[in-house]
Amino acid sequence: APQLRAPAGAATKWDVRQKVWDQLEASGLADFPRPVHRRIPNFKGSHQTCCSIKELDVFNRAREVKVDPDKPLEGVRLAALQARKTLLVPTPRLRTGLFNKIVPPPGATKEILRICATSQGIKEYSVPVGLDGKARVDLVVVGSVAVSEKGWRIGKGEGYADMEYAMMVSMGAVQEDTPVVTIVHDCQVLDIAEELLDDHDLTVDYILTPTRTIKTDCKRPKPQGILWHKVSYEMLEKIPILKSLRYREKQAGKDVTLQDEHSDLANTHTPAALNEKATAENTRPQAAIGSAQTGQHHVESDSLSPRLEESGGITTVYVGSIPPSVRVSELKCALREFQATPLRLNWQGAQHKAFLDYKDKATAESAISSLKGLSLGGKTLRVELAKNQRSKG
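Figured I'd write up the structure that's included with this text. (Residues numbered from 1 in each chain as written. Predicted model: local features only at pLDDT ≥ 70, side-chain atom pairs only at ≥ 80, totals over all residues. Heavy atoms only, no water.)

Bringing the sheet that holds strand 4 (residues 99–102) into the picture now. The mixed open sheet is built from eight strands, whose spatial order is 5-4-3-2-6-9-11-12. Across the chains shown, the open sheet's two edge strands, defined by having one partner strand only, are strand 5 (126–129) and strand 12 (213–215). Going across the sheet, the axis of each strand differs from the next one's by a mean of 25°, ignoring polarity. Sheet topology places strand 11 (residues 206–208) next to strand 12; three bridges connect them, and they run antiparallel. The partner of Tyr 206 across the bridge, within strand 12, is Lys 215. (Pairing = 2+ DSSP bridges. Helix = DSSP H or I, 4+ residues; strand = E, 2+ residues; numbered from the N terminus. Axes fitted to C-alpha atoms, helices over the stretch in contact; angles between N-to-C directions.)

Positionally, Asp 191 belongs in strand 10 (residues 190–191). Considered as a pair, Asp 191 and Val 16 are 175 residues apart in the sequence and their alpha carbons are 9.7 Å apart.

Take the pattern of salt bridges next. Within the structure shown, the criterion is met by 20 salt bridges. For the salt bridge of Lys 230 with Asp 199, the shortest nitrogen-to-oxygen distance reads 2.8 Å. One end of the pair, Lys 230, is in the loop between strand 12 and helix 8 (233–238); the other, Asp 199, is in the loop between strand 10 and strand 11, and 31 residues separate them in sequence. On the basis of relative accessibility, which here comes to 33%, the residue Lys 230 falls in the partly exposed class. Two residues, Asp 357 and Arg 344, come together in a salt bridge whose shortest N-O distance is 2.4 Å. Residue Asp 357 is found in strand 16 (residues 353–358), and its partner Arg 344 is found in strand 15 (residues 344–348); the two are separated by 13 residues along the sequence. Residues joined in a network through salt bridges with shared partners are Lys 13, Asp 198 and Asp 201. (Salt bridge = Lys/Arg side-chain N within 4 Å of Asp/Glu carboxyl O. Buried < 20%, exposed > 50% of the residue type's maximum accessible area, 1.4 Å probe, protein only.)

Enumeration according to the criterion identifies two aromatic pairs in this entry. Ring plane angle 55° and centroid distance 5.9 Å describe the contact between Trp 14 and Trp 21, whose orientation is recorded as tilted. Between Tyr 318 and Phe 355, the aromatic rings sit 5.8 Å apart at their centres with planes inclined by 55°, giving tilted as the arrangement. In this pair, Tyr 318 is assigned in strand 14 (residues 315–320) and Phe 355 in strand 16, connecting sequence segments 37 residues apart. Neither residue differs from the other here; Tyr 318 and Phe 355 are each classed as buried. When the ring centre of Trp 14 is taken as reference, the NZ or CZ atom of Arg 17 above it lies at 4.6 Å. Cation over ring: Lys 85 sits above Phe 59, and NZ or CZ is 4.9 Å from the ring centre. (Phe/Tyr/Trp six-rings, centres within 6.5 Å; stacked < 30°, edge-to-face > 60°. Lys NZ or Arg CZ within 6 Å of the ring centre and 35° of its normal.)

This next bit is on the side chain of Thr 216. By the element assignment, Thr 216 lies in the loop between strand 12 and helix 8. Looking at Thr 216, its side chain comes within polar contact range of the main-chain oxygen of Val 204, at 2.7 Å. Not counting the four nearest positions on each side in its chain, Thr 216 is found in contact with Glu 149, Lys 150, Gly 151, Val 204, Asp 205 and Ile 207. (Polar contact = N/O pair within 3.5 Å; in protein donor to acceptor, adjacent residues only side chain to side chain. Contact = heavy atoms within 4.5 Å.)

This part is about empty space enclosed by the protein. Inspection of every chain in the model, using the stated rule, returns one cavity of 30 Å³ or more. For the largest cavity, the calculated volume is near 130 Å³. Residues belonging to the lining of the largest cavity are distributed by class as follows: four nonpolar, two polar and four charged. Each of domain 2 (228–261) and domain 3 (315–385) gives at least three residues to the lining of the largest cavity. (1 Å grid on protein atoms, 1.4 Å probe; cavity = no way out; pocket = protein on both sides within 12 Å on 5 of 7 lines; lining within 4 Å. Points joined across faces, edges and corners; volume = space filled by probe spheres on them. Nonpolar A, V, L, I, M, F, W, Y, C, P; charged D, E, K, R; others polar. Domains from an automatic or database assignment.)

Here is the structure:
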């Protein structure tokens, strides 16, 4: 296929994406799911192209492989499972943690492995890997909309692949020399102007197409971790595990100021201002913590309005798997940080658990989704609605 040139002049990433999507559809190369617009496009022959990854040394040496969940990468996921490698797949839009590890049932047939490689299999045969799951990824396989022979990549524009990579750097799952491979149709390989690239953009080391294998020898450094000043509150809300990483990096003394915080501090109605307030509260003397440290039960309540109590709407959240080293003050600090401060906290440290009361079910569920993936003392906590909601009153 003739190599496309990105539109001359002031082309944006969106111009490049549009051109590739249009070309795939117009030439009859696009494959299910269609239309390919706004997706990592699947193309006819993607499965055979994926098979050529078995000829790459970096694939054969890898023990743990992270492959995006996109349809055109299904063949790579299958190849990894067939070669008995550990396969990690990011959870869609990172809504519930970072990775799922695909675990085929013992003695899985070829057919079952084939299902494990599909989006259905990712749902049925996977277990979540927490931040402290000690993932050590030897090879990263990403989908692309467009890529240049120099290794510059354009994704579908939502930033998830770049963010996943940055998060893997942050949790120590990838090193600077971990190779990155992408699989595209020949018509997706085109010249990309360097000025279109941002410092958070992920570059690739190998490009596999139906007709060739390109080693890019890309010199541009990959992202060195999460660039917090480029992360918005909106992204933080969408990706619960990002909050945990931010909390962890903040504890380690890193600057985790968000994009919106720089401009927002003056405005008292912004979440940034709420954050400031939470920090101020943080510095107040902690009440009655002494008893908690000895593992006694310890209930702390903000001024509860009797009306709320009587309405019976209060919903309790169970927090389990709390390591013995964690103190109630650390949990309270994390709850404030994640804007999930309960009306009442019932700490049962000796039993490695705590109960949090919220004013209603919606508030409780929002707290659960904020705290998903939260890790304290090196362990991911269990956070869920308490099984038997205690009688309130």
